[in-house]
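# What the coordinates show
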Amino acid sequence: MPAGKSSLALIVEAFRGTVAGVFAISGVVNLLALTGAFYMLQIYDRVLTSHSVPTLVAFSILAAGLYVFQGVLDVLRGQVLVRLGMRLDSQIGPLAHAAALRLPLYGTSANDAVRPIRDVEAVRSFLSSQGPIAIFDVPWMPLYLAFVYFLHPWLGVLATCGVVILFGLTLLTEIWSRDLNAKATEAGLQRTKIADTNARNADVLRAMGFGDRASARYDAVSATYVGIQTRASDVTGGMSGVSRVMRMMLQSAVLGLGAYLTLQGHVSAGAIIAASIATSRALAPIELAIAHWKGFVAARQAHARLNKTLSALPDRTAPIALPPPSRRLALEHVFVPIPGAQRIVLSNASFELSAGDGLGVVGPSGSGKSTLARALVGVWQIARGAIRLDGAAIDRWPDEYFQQHVGYLPQDVGLMDGTISQNIARFDTEADSATIIRAAQAADVHELILRLPDGYETQLGAGGMALSAGQRQRIALARALYGDPFLVVLDEPNANLDSEGDAALTNAIAGVRERDGIVVVIAHRPSALQAVNLVAFIRDGHVAKFGPRDDVLNAVLERPRSAG
């Protein structure tokens, strides 16, 4: 069994005792809910006929005590369900967040990747509502029907017919709302995705004048979402209204039939009121369930998606903690596809690097250079072949342990909401100042940080928007060098750098090599390759040339001249 499915199953199984306890409490609550019916039965049949005030007082005190006890248990049941939802969130939430971090590596969009987190929220919200209470009360309906049958069989038959009708309404609600709720969920996600895209590209929309068209695109999707949501709400709301009317009609019918039976001498006057109260209590869970059906369907769909998502993600934990890598990096006939697609971008890539080597990777746009970078750090999965550190395939290293020995600067620099020191330290809560400063000095960005208003404690905001593109790139370089990782992969590290930044980058690459690390630099500008000793030229997804820097660069540069 996959690790995700096993973990989720174990967590859900751990809640069975709590659920059984809530079910038992519900049984007592429903038994005590007959207090009103019994009280009215005794008042009409004993107190009014005997004119006994002490009997009235005794029955009233007993009923009040039972009502208080019922209220305490009802409050306790609600609090247990709320805490059950919170406990579920605290235990499944980390699994959902881990899934959200891994799903983009398999081709899922960033917006869709956070769906597991939303699914956990949907389940928790339902557990904290009145919906589960209706579900726990439904199995106790026969208790009320039996009481009504005890008063008179005809009254019991009438109450049973009402229950059957409301169950039919519940079934119709399920049939009519199932597809609508699923479509509303998808449309809502699509609307959120477009809104997020528009917000992230607000400067482009403003500068190039197609903000109105982007808004029109959002409005069209939003109108679809609102329309589906309206139809879904109409179904559940309409059925809820019909169920209320049916319940009131049934109560009146029970009163009318009870009055007829009283006139015929078959039941007492107290039985009329008692039957009406018991019938109303029997129908209440169904009415409540219909009112909360939308939340129930959403929670059920969310739980199913969580099971599917968590069971589909493979387990990458290694059984044995390997020693830190220190000797070599080897690619053995590596094939890398685009995540979520079948198209191979990098084909049959093979080379080997030793401690102290610096490799520059050059080639035309779209040739597979960034794909190689993502595969080296385990971001994209390989289809065939192996990438090995000191002989061990990188997918055999535990994720966190492997990542301690890897530094990565992506082509699209992304800093996180937090301070500069937190970003450089990769949000390591145990990071010491000396290690953070050493990484900043290795990237030659220490002085730049000190000139900022709050130095290392400068808040960056989402995406690091408080800094220029060049500053973000240099701080991201410091983050890649944090902890002196053995393998450092830099994808277009000088895209936003000036001459001073280029010099800092060259020194950083040289520093990695001097401490016997391995550095791989994806570059378009030759200035990024001054400190490397090897170059790989990639063309059409193949490593066309690999060797000493000057030899490969000369061969690549001479090819166009000879062709001319």
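Report follows, based on the coordinates. (Residues numbered from 1 in each chain as written. Predicted model: local features only at pLDDT ≥ 70, side-chain atom pairs only at ≥ 80, totals over all residues. Heavy atoms only, no water.)

## Quick notes on the overall build of the chain
- Counting secondary structure elements, the chain contains 21 helices and ten strands.
- C-alpha extents for the chain along the principal axes are approximately 115 × 50 × 50 Å.
- For the chain, buried positions account for 44% of its 564 residues.
- For the chain, the share of sequence-separated contacts (at least 6 apart) that also reach a separation of at least 24 residues comes to 74%.
- Of the roughly 27,300 Å² that the chain leaves accessible, carbon and sulfur atoms contribute 60%.
- Within the chain, the 46 negative side-chain charges are centred at a point lying 7 Å from the centre of the 49 positive side-chain charges. (Helix = DSSP H or I, 4+ residues; strand = E, 2+ residues; numbered from the N terminus. Buried < 20%, exposed > 50% of the residue type's maximum accessible area, 1.4 Å probe, protein only. Contact = heavy atoms within 4.5 Å. Areas by Shrake-Rupley, 256 points an atom, 1.4 Å probe, with all protein chains shown as cover. Lys, Arg positive; Asp, Glu negative; His and termini not counted. Charge placed at Lys NZ, Arg CZ, Asp CG, Glu CD.)

## Observations regarding the sheet that holds strand β4 (residues 384–389)
- One open sheet accounts for four strands, arranged β2-β1-β4-β5; its pairing is antiparallel. Bordering the open sheet on either side are β2 (344–354) and β5 (392–393), each of which pairs with just one other strand.
- Across five bridges, the pairing between strand β1 (residues 328–337) and β4 is antiparallel. Note on β4: the bridge partner recorded for A330 is R388. (Pairing = 2+ DSSP bridges.)

## Structural notes on the pairing of β4
- The sheet contact formed by β4 and β5 spans two bridges and is antiparallel. Each residue of the ladder has a partner; that of L389, found in β5, is A392.

## Considerations on the side chain of T506
- Checked against the element boundaries, T506 lands in helix α20 (residues 499–514).
- Residue classification places T506 among the buried residues on the basis of a relative accessible area of 16%.
- Filtering out sequence-adjacent residues up to four positions away, T506 remains in contact with S527, Q530 and A531.

## Description of the packing of aromatic side chains
- This structure, assessed with the given rule, holds three aromatic pairs.
- The ring of W380 carries R374 above its face, with NZ or CZ at 4.7 Å from the centroid.
- R384 extends its terminal NZ or CZ atom over the ring of F335, reaching a point 4.1 Å from the ring centre. (Phe/Tyr/Trp six-rings, centres within 6.5 Å; stacked < 30°, edge-to-face > 60°. Lys NZ or Arg CZ within 6 Å of the ring centre and 35° of its normal.)

## A short note on the nonpolar core
- If you look at the biggest cluster of nonpolar residues, it comprises 42 residues, and the most contacted ones within it are I420, I424, V445, L477, L490, I509 and V521.
- Of all the elements, helix α19 (residues 469–481) adds the most residues to this core, at six residues.
- Those residues in contact with L490 that lie beyond four places of it in its chain are L409, L477, A480, L505, I509, V519, V520, V521 and I522.
- One finds L331, L359, A375 and V406 within the second-largest nonpolar core, a separate group that totals 32 residues. (Core = buried A, V, L, I, M, F, W, Y, C linked by side-chain atoms within 4.5 Å.)

## Things to note about the packing of helix α2 (residues 16–32) against helix α4 (residues 53–102)
- Two elements in contact, α2 and α4, have axes whose closest approach is 9 Å; the angle formed by their N-to-C orientations is 155 degrees. The pairing of α2 with α4 is recorded here as roughly antiparallel in orientation. The crossing of α2 and α4 is left-handed. Along the contact surface, α2 presents T18, V19, V22, I25, S26, V28, V29, N30 and L32, while α4 presents L66, F69, Q70, L73, D74, L76, R77, V80, L81, L84 and R87.
- Its residues placed into classes, the contact of α2 with α4 shows 13 nonpolar, four polar and three charged. (Axes fitted to C-alpha atoms, helices over the stretch in contact; angles between N-to-C directions. Parallel < 35°, antiparallel > 145°, perpendicular 65-115°, else oblique. Left-handed = near helix turned anticlockwise from the far one by under 90°. Nonpolar A, V, L, I, M, F, W, Y, C, P; charged D, E, K, R; others polar.)

## Quick word on the side chain of T435
- Of note, T435 is situated in helix α17 (residues 433–442).
- On the basis of relative accessibility, which here comes to 13%, the residue T435 falls in the buried class.
- Leaving out residues up to four positions away in the same chain, T435 has contacts with Y482 and G483.

## Some thoughts on the sheet that holds strand β7 (residues 487–491)
- Spatially, β6-β7-β8-β3-β9-β10 is the arrangement adopted by the six strands of the open sheet, whose pairing is mixed. Looking at the sheet topology across the chains shown, the edges are occupied by β6 (406–409) and β10 (542–548). Within this sheet the neighbouring strands show an average axis-to-axis angle of 15 degrees, counted without direction.
- Pairing analysis gives six bridges linking strand β9 (residues 534–539) to β10, with the strands arranged antiparallel. Bridging from a neighbouring strand, F537 pairs with K545 of β10.
- Across the sheet, helix α14 (residues 369–376) touches β3 (358–362), β6, β7, β8 (518–522) and β9, and the angle it forms with β7 is around 150 degrees.
- On top of the sheet, α19 reaches β6 and β7; it is set at about 165 degrees to β6, its chief contact.

## A few points about helix α3 (residues 35–50)
- Compared with the 22 Å implied by 1.5 Å per residue over 16 residues, the 21 Å span of α3 between its first and last C-alpha is a close match.
- Its axis deflected by about 35 degrees at I43, α3 carries its strongest bend there.
- Residues of α3 that are buried include every one of T35, G36, A37, L41, Q42, I43 and V47, and no others.
- Once α3 finishes, H51 follows within two positions and takes phi at roughly 55 degrees, a positive value. (Expected span 1.5 Å × (residues − 1). Bend = angle between axes of the 7 residues up to and from the residue.)

## Considering the packing of α4 against helix α6 (residues 115–127)
- It is the contact of α4 with α6, at a shortest axis distance of 8 Å, that shows an interaxial angle of 175 degrees. Regarding the angle of α4 to α6, the classification is roughly antiparallel.
- For the contact of α4 with α6, a count of residues per class yields 14 nonpolar, three polar and two charged.

## Thoughts on α4
- Over its 50 residues, α4 runs 73 Å from end to end, which matches the ideal 74 Å to within 8%, given 1.5 Å per residue.
- The principal kink in α4, of about 40 degrees, is found at I92, preceding the proline P94 by one to four residues.

## Brief notes about the pattern of salt bridges
- All told, the structure shown has ten salt bridges when counted by the stated rule.
- In this structure, R305 and D119 form a salt bridge, with 2.7 Å as the shortest nitrogen-oxygen distance. Of this pair, R305 sits in helix α13 (residues 293–312) while D119 sits in helix α6, placing them 186 residues apart in sequence.
- Overall, R305 belongs to the partly exposed group, its relative accessible area being 21%.
- When the shortest N-O distance is used, the salt bridge between D550 and R549 registers 3.2 Å.
- On the basis of relative accessibility, which here comes to 22%, the residue R549 falls in the partly exposed class. (Salt bridge = Lys/Arg side-chain N within 4 Å of Asp/Glu carboxyl O.)

## Let's talk about the pairing of β8
- In terms of residue burial, β8 counts as a mostly covered element, since five of its five residues are buried.
- Of the two faces of β8, the one lined by I518, V520 and I522 and the one lined by V519 and V521 are each fully buried.
- When β3 meets β8, the two strands line up parallel, connected through four bridges. From the neighbouring strand, G358 faces β8, where its bridge partner is V519.

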